[in-house]
Amino acid sequence: MISTLKSIIESSSNIVFFGGAGVSTESGIPDFRSADGLYKEKYKYPPEIMLSRSFFMEHTEEFYKFYKEKMLHPDAKPNKAHIALAKLETTGKLKTVITQNVDGLHTKAGSLNVLELHGSALRNVCLICKKCYPVEKIIQSESIPFCHCGGIIKPDVVLYEESLDVGIMHSATNAIHAADVLIVGGTSLNVYPAAGMITGYRGKKLVLINKSETAYDYRANLIIRESIGETLGLL
Ligand code: ZN
């Protein structure tokens, strides 16, 4: 398996990596979608409600309580997958990392061309004057983080009910379309927009690295059912 992946990478010059929550779980960041049951015991609402735009606007304090406890992982470090991808970019073969994660770990690992479809928890913006704040501002605020101007600061992450950034979507679609190899890792490809974007890949080297089945197994040229960190760490 790994030797096949190595030869695919060897013979390519435009690799795109598309990653989901599974890339970050190996850094100790849980996938909240698969842990829904846990939240029901402690919170009144499911994560899809608590991470929605309307919940943020109407229950800002409760939003931040949940968000800080479940979505922020300031001590998380890049794992073998993030590090291997950053290295592959320096060889010139890997052109773009597209991620659904908001933890900023690809950038921390040294990747330069990262398209964060769902934004980044490391960036936070005042809703009134648009001033940017680092994540420390959120962590250090006892309750709702406020800007100097009095505006509420919102994480620059795409909440439920919000639309994805059109420019980033466009860049991601173009990168996938132009790729000679597309490596998809840590996602079952069931969630929008991942599933739709993969259909834009026209090449014949689709590699899926995921511990469980994905919606695109039938189209894959290579399927590796292993840990993404362990797999990419071998490259
Ligand atoms: Zn402001």
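Residues numbered from 1 in each chain as written. Predicted model: local features only at pLDDT ≥ 70, side-chain atom pairs only at ≥ 80, totals over all residues. Heavy atoms only, no water.

**So, the sheet that holds strand S4 (residues 119-126)**
What counts, and what does not: Note on pairing: two strands pair once DSSP finds at least 2 bridges between them. Helix and strand labels come from DSSP, where a helix needs a run of H or I of at least four residues and a strand needs a run of E of at least two; each type is numbered from the N terminus. Angles run from 0 to 180 degrees between N-to-C directions of axes, and those axes are lines fitted to C-alpha atoms, restricted for helices to the stretch in contact. Two residues form a contact once any of their heavy atoms are found within 4.5 Å.
Strand order in the open sheet formed by 3 strands is S5-S4-S6, and the pairing between neighbours is antiparallel. Edge positions in the open sheet fall to strand S5 (132-134) and strand S6 (153-157), since each of these has one partner strand only. Each strand axis lies, on average, 40° off the axis of its neighbour in the sheet, ignoring direction. As paired elements, S4 and S5 share 3 bridges and run antiparallel to each other. Bridge pairing in S5 places Asn124 opposite Tyr133. Most of the contacts of helix H6 (residues 60-71) go to S6, to which it runs at about 45°, and overall it touches S4 and S6.

**Describing the sheet that holds strand S9 (residues 222-224)**
A sheet is described by the order of its strands in space; here 6 strands give the open sequence S3-S2-S1-S7-S8-S9, paired in parallel fashion. Across the chains shown, the open sheet's two edge strands, defined by having one partner strand only, are strand S3 (114-116) and S9. On average, each strand axis in the sheet is tilted by 15° relative to the strand beside it, whichever way the strands run. In this sheet, S3 lies alongside strand S2 (residues 94-99) in parallel orientation, the contact comprising 3 bridges. Counterpart to Ile98 in the pairing with S3 is Leu115. Those strands touched by helix H1 (residues 2-10) are strand S1 (15-19), strand S7 (181-185), strand S8 (206-209) and S9, and its axis lies near 130° from that of S9.

**A look at H6**
Counted only if it meets this: Between buried and exposed lies partly exposed: a residue is buried under 20% and exposed over 50% of the maximum accessible area for its type, with that area taken using a 1.4 Å probe on protein chains only. To be clear, the arc concerns the directions from the helix axis to the C-beta atoms.
Along H6, the positions that sit buried rather than exposed are Thr60, Phe63, Tyr64, Phe66, Tyr67 and Met71. Down the axis of H6, the buried set is contained in an arc of 170°. They therefore lie on one face. Residues of H6 that are exposed and point over 90 degrees away from its buried face: Glu61 and Lys65.

**Thoughts on the coordination of the zinc ion**
Rules: The donor set comprises N, O and S atoms within 2.8 Å of the metal, extended to 3.2 Å for Na, K and Ca; water molecules are omitted, so apparent gaps in a site may simply reflect that omission. Site shape is set this way: if four donors have all angles between 85 and 135 degrees, tetrahedral; if opposite donors are over 155 degrees apart and all others between 65 and 115, square planar for four donors and octahedral for six; otherwise irregular.
Around the zinc ion, the protein contributes the donor atoms Cys126 (SG), Cys129 (SG), Cys147 (SG) and Cys149 (SG), at 2.3 Å from the metal centre. Considering all 4 donor atoms around the zinc ion, angles at the metal cover 102 to 119° and the coordination shape is tetrahedral. In the primary structure, the donors to the zinc ion are separated according to the pattern C-x2-C-x17-C-x1-C. With Cys126 in strand S4 and Cys147 in the loop between helix H9 (135-140) and S6, this residue pair connects regions lying 21 residues apart in the sequence.

**Things to note about the environment of Lys130**
Here is the rule: Polar contacts here mean pairs of N or O atoms no more than 3.5 Å apart (in protein, one a potential hydrogen donor and the other a potential acceptor; neighbouring residues in sequence count only if both atoms are side-chain atoms).
Mapped onto the elements of the fold, Lys130 is located in the loop between S4 and S5. In sequence terms Lys130 and Lys154 are 24 residues apart; their C-alpha atoms lie 9.6 Å from each other. Polar side-chain contacts of Lys130 include one of 3.4 Å to the backbone oxygen of Leu127.

**Examining unusual backbone geometry**
In this structure, Lys130 is a non-glycine residue whose phi angle is positive, near 70°. Despite not being glycine, Leu189 shows a phi value in the positive range, around 60°. With respect to the helices, strands and loops of the structure, Leu189 is situated in the loop between S7 and helix H11 (194-198).

**Thoughts on the nonpolar core**
Heads up, the rule is: Buried residues of nine kinds, namely Ala, Val, Leu, Ile, Met, Phe, Trp, Tyr and Cys, make up a nonpolar core once their side-chain atoms join them within 4.5 Å.
With 23 residues, the main nonpolar core has Phe18, Ile98, Ile176, Leu182, Val184 and Ile198 as its most contacted residues. Counting 22 residues, the second largest nonpolar core, distinct from the first, contains Phe56, Leu72, Val102 and Tyr133.

**Here's the deal with the side chain of Thr231**
Counting through the fold element by element, Thr231 comes out in helix H12 (residues 228-233). With near-sequence residues (within four places) excluded, Thr231 lies in contact with Ile2, Leu5, Ile209, Ile224 and Glu226.

**Re helix H10 (residues 166-178)**
The criterion, for reference: What a helix is expected to span follows from its residue count: subtract one and scale by 1.5 Å.
With 13 residues, H10 should cover 18 Å at 1.5 Å per step; its first-to-last C-alpha distance of 18 Å lies within 8% of that length. Within H10 the residues assigned to the buried category are Met169, Ala172, Ala175 and Ile176. Projected down its long axis, H10 shows its buried positions confined to an angular sector of 130°, all on one face. Projecting away from the buried face of H10 at angles above 90 degrees are the exposed residues Val166 and His170.

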